[in-house]
Each structure stands twice: as structure tokens, then as C-alpha cells.
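# What the coordinates show
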Amino acid sequence: MKIERIDSQPPFREQDFTFPDSTVQGAFVAKKENAIFVRSRSRYKLECDGVHIVYADGTGHIKWKRGEFPFSAGDALRLEKTGEYEINGKGNYLIIFEK
């Protein structure tokens, strides 16, 4: 159970996704293959029982049961078995779901 910064480039761009007109948890969310792209106004909750790679285009923090992990625009984060977590911060986020 950990969160760490990694050196990685996003495999998708925002233009690769088609967004619906409705919101989920107050955010616009689009899905493609093993990824989602989230346009968030403040926060978005997820559950991680494997590995998630989060690419941030915004500033904020990941809130999880062990505290908070800050991030900045351009950061790539690897989350491993964190359980429920929340991305806090206005911005766009690409989340890749790995096994």
C-alpha cells in the first residue's frame, strides 16, 4: 500500500476521449480501454485494489487513509493497493488502471 512519483508519460491525451454531457461526482468523466479521464472541479473518489497510474494536470493532493500526498501539474503518480482515495484539486486527471 503506497503512493510514489514516477517518471512516465501519459499514453493518452484528452483529445482521445469522448465526454458525456452529464457529470459523475461533479466531474466530467470519459472512459477508454483501461483508462478514465476526469475533468474535476474539486475532488473525485476512486478505489484502488491493484495499481493506478495518475497523470495530473492540476495541483492538489491525494487523500487516503494514511494521510495526504501532494502533487503538481505534470506529475505522474503510482498508487498501489491504497483502497479508497480521493483526488483533491481542480484540474484534469488521466487514470490508468493496471493489474
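## Here we look at the side chain of N88
Tracing the backbone through its elements, the reader meets N88 in strand β9 (residues 83-88). Residues contacting N88, with those up to four places away along its chain left out, are S42, R43, T59, G60, H61, K63 and F71.

## Quick look at the pattern of salt bridges
Between side chains of opposite charge, a pair can form as their charged atoms come close. With the rule as written, the count across this model stands at six salt bridges. Between R5 and D75 there is a salt bridge, and its shortest N-O distance comes to 3.3 Å. Within this pair, whereas R5 is found in strand β1 (residues 2-6), its partner D75 is found in the loop between β7 (67-71) and β8 (76-80), the two being separated by 70 residues in sequence. Classification of R5 by relative accessible area gives partly exposed; the value is 45%. The closest approach of N and O atoms between R78 and E80, which form a salt bridge, is 2.8 Å. Classification of R78 by relative accessible area gives partly exposed; the value is 23%. You can call E80 partly exposed: its relative accessible area is 23%. Because the salt bridges share partners, they merge into one network encompassing R43, K45 and E86.

Parameters at a glance
- Residues numbered from 1 in each chain as written.
- Predicted model: local features only at pLDDT ≥ 70, side-chain atom pairs only at ≥ 80, totals over all residues.
- Heavy atoms only, no water.
- Helix = DSSP H or I, 4+ residues; strand = E, 2+ residues; numbered from the N terminus.
- Contact = heavy atoms within 4.5 Å.
- Salt bridge = Lys/Arg side-chain N within 4 Å of Asp/Glu carboxyl O.
- Buried < 20%, exposed > 50% of the residue type's maximum accessible area, 1.4 Å probe, protein only.

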